[in-house]
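Reading the structure
Next come the chains, spelled out residue by residue.
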Amino acid sequence: MKITRMTVFHVDLPLEHPYWLSGGRLKFEVLDATLVKIETDAGLTGWGEGTPWGHTYVPAHGPGIRAGIETMAPFIMGLDPRRVLDVERAMDMALPGHLYAKSPIDMACWDIAGQATGLPIADLMGGGSRAPRPIASSVGAKTVNETRGVIDRYRKRGYIAHSVKIGGDIDRDIARIRDVESIRNPGEIVLYDVNRGWTRQQALRVMSSVEDLNVMFEQPCETLDDIAAIAGKHASPVSIDESLVTLQDAARIARDGLAEVFGIKLNRVGGLTKAARMRDIALAHGIDMFVMATGGSVLADTEALHLAATIPDANCLAVWACQDMLTVDIAGGRGPRNRDGHLHLPETPGLGVHPDEDALGHPVAVYS
Ligand code: MG
């Protein structure tokens, strides 16, 4: 089987509500999505998506994905998409780094490989759990009352897991943490996501101030060096997200005991092929996982769900689904959707959901 054509679409995905990271530091209103259709000489078609969270969240941006695909396309054409490692190496040779540009191609290749074998991607990766995965909400709010309002909105949709964005003014952060903990339901999973917003000193001040609550913080500071510098000076469990980009990052975090949880975002780490290695490092070191695409449509959510299904149930805390935050649906209601705050793995071979091509507009590039 050979890749014969790649068609690239650019779609804007507006957010239903303006979204704030780090307690109001960064605002987002629309996501720039790149959809990639890969066709083969065997008649199979795979779809991939790359949707960074704007271009201020991490070093990844929508136009960069499309430029990266233009650079990599000549090296991918003619390869067998079922041989995902061959495609991965071709992309890494053609364009070192720029992992976020590679994930949509990797995803489309896994989609084709699944269809070719008659297996959902998770089963093709070795076996997917059918236990529904709880969806973590994303509580981008600034004040105590706004935070309560957003959590309430998600609870009404069945959500039992919440990622509460903090990392702004530390006194307000402490007040919001204490308030959320006071209304937390039994069994609810709550993660306080700092999104790199604190200095080392600010992180230690908040962590010591709420030590009695034993809550988990995600990405409390900018870099792994910062997180390493405060490790041992606080008692809070830590999840690492933005600083988990390469396999070397995963190895360092695990070896040095810098986190109890990996926040694996498939777009940031370069797709399913690379993320599966991080999963294995995590499992070998007793580290649990949150799994997300980064942002995007139901296609991106489904990609994340497949990886999450390959993680033992006890080690997969939650997935994150962006679909409930968008005002457009490029797949007409198909694919895994929120059912009582959970996503269920599709049994369809491959990814399990394709977009309505008519909803994507004209292609911005075609490579053949
Ligand atoms: Mg995070």
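Within each chain, residues carry numbers counting from 1 in the order of the written sequence. The predicted origin of the model limits local features to residues at a pLDDT of at least 70 and limits the giving and counting of side-chain atom pairs to 80 or more, whereas totals for whole chains, interfaces and linings rest on all residues. Only hydrogens and water are removed before side-chain values are computed, so all heavy atoms of the structure are retained for them.

Overview of the overall build of the protein chain
Per the secondary structure count, the protein chain includes 12 helices and 13 strands. Dimensions of the protein chain, computed from the C-alpha atoms along their principal axes, are close to 60 × 40 × 35 Å. The criterion used for residue contact is that any of the two residues' heavy atoms lie within 4.5 Å. When contacts within the protein chain are restricted to residue pairs at least 6 apart in sequence, long-range pairs at least 24 apart make up 71% of them. As displayed, the protein chain offers around 13600 Å² of accessible surface, 51% of which is attributable to carbon and sulfur atoms. Secondary structure follows DSSP: runs of H or I at least 4 residues long count as helices, runs of E at least 2 residues long count as strands, and numbering of each begins at the N terminus. Residue exposure ignores everything except the shown protein chains as possible cover, and the areas themselves are Shrake-Rupley values with a 1.4 Å probe.

Considerations on the domain arrangement of the protein chain
The domain boundaries here were taken from an automatic or database domain assignment. Split into domains, the protein chain comes out as domain 1 (3-118 + 357-367) and domain 2 (123-343). Domain 1 and domain 2 are separated by 23 Å when their C-alpha centres are compared. Counting from both sides, the interface comprises 43 residues of domain 1 and, opposite them, 48 residues of domain 2. A simple way to read buried area is as the amount of 1.4 Å-probe accessible surface that goes missing from two parts once joined, with both sides added. Of the roughly 3500 Å² buried between domain 1 and domain 2 on both sides combined, carbon and sulfur atoms contribute 60%. The term salt bridge refers to a pairing of a side-chain nitrogen on Lys or Arg with a carboxyl oxygen on Asp or Glu at a separation within 4 Å. At the junction of domain 1 and domain 2, the tally comes to four salt bridges. For the salt bridge of Asp92 with Lys274, the shortest nitrogen-to-oxygen distance reads 2.8 Å. For this analysis, a polar contact is any N or O atom pair within 3.5 Å, provided that within protein one partner can donate a hydrogen and the other can accept it, and provided that sequence-adjacent residues contribute only side-chain to side-chain pairs. Where domain 1 touches domain 2, the interface holds 16 residue pairs in polar contact (both at pLDDT 80 or more). Taken together, the elements giving at least two residues each to the side of domain 1 that touches domain 2 come down to β1 (3-21), β2 (26-40), β3 (45-50), α2 (84-94) and α3 (99-117). The dominant element in the side of domain 1 that touches domain 2, judged by the number of residues it contributes, is α3, at 11 residues. Each residue is assigned to one class: nonpolar for Ala, Val, Leu, Ile, Met, Phe, Trp, Tyr, Cys and Pro, charged for Asp, Glu, Lys and Arg, and polar for all the others, Gly among them. Across the side of domain 1 that touches domain 2, the residue classes tally to 25 nonpolar, 10 polar and eight charged.

A look at the coordination of the magnesium ion
Within the protein, the atoms that donate to the magnesium ion are Asp193 (OD), Glu218 (OE) and Asp241 (OD), at distances of 2.0 to 2.2 Å. For Na, K and Ca the donor cut-off is 3.2 Å, while for other metals it is 2.8 Å, and in both cases only N, O and S atoms qualify; water is not among them, so sites may look incomplete. All donor residues of the magnesium ion come from one chain, and their arrangement in sequence is D-x24-E-x22-D. Of the two residues, Asp193 is situated in strand β6 (residues 189-193) and Asp241 in the loop between β8 (238-240) and α9 (247-256); the sequence distance between them amounts to 48 residues.

Thoughts on the sheet that holds β1
Between any two strands, pairing holds if DSSP finds at least two bridges. Here four strands make up an open sheet; going across it, the order is β3-β2-β1-β13 and the pairing antiparallel. Only two strands of the sheet have a single neighbouring strand rather than two, namely β3 and β13 (365-367). Along the sheet, successive strands turn relative to each other by an average axial angle of 25°, direction set aside. Looking at chain direction, β1 and β2 are connected through 14 bridges and run antiparallel. Among the inter-strand pairings, Leu21 is bridged to a residue of β2, identified as Leu26. Where helices are involved, their axes are fitted lines through C-alpha atoms of the stretch in contact, as for all axes, and angles between N-to-C directions lie from 0 to 180°. Contacts from α3 reach β1, β2 and β3, with the element oriented near 150° to β3.

Some thoughts on helix α6 (residues 170-183)
Its 14 residues place the ends of α6 20 Å apart at the C-alpha level, agreeing with the 20 Å of an ideal helix rising 1.5 Å per residue. Buried residues are those whose accessible area, probed at 1.4 Å on protein chains only, stays under 20% of the maximum for their type, while exposed residues exceed 50% and partly exposed ones sit between those limits. Those residues of α6 not exposed but buried are Ile170, Asp173, Ile174, Arg176, Ile177, Asp179, Val180, Glu181 and Ile183. Residues of α6 that are buried in the fold lie against β4 (133-139), α5 (144-156), β5 (161-165), β6, α7 (200-209) and β7 (216-218). A helix is expected to span 1.5 Å multiplied by its residue count minus one.

Considering unusual backbone geometry
The backbone phi angle of Arg196 is positive, close to 75°, even though this residue is not glycine. With respect to the element layout, Arg196 can be found in the loop between β6 and α7. Classification of Arg196 as buried rests on a relative accessible area of 13%.

Notes on the pairing of strand β9 (residues 261-265)
Side-chain positions along a regular strand alternate between the two faces of the sheet. The element β9 is largely enclosed, with a buried count of five among its five residues. By the alternation rule, side chains of β9 split into Val261, Gly263 and Lys265 and Phe262 and Ile264, which are all buried. Where β8 meets β9, two bridges bridge the pair, whose relative direction is parallel. Pairing of Ile240 across the sheet is with Phe262, part of β9.

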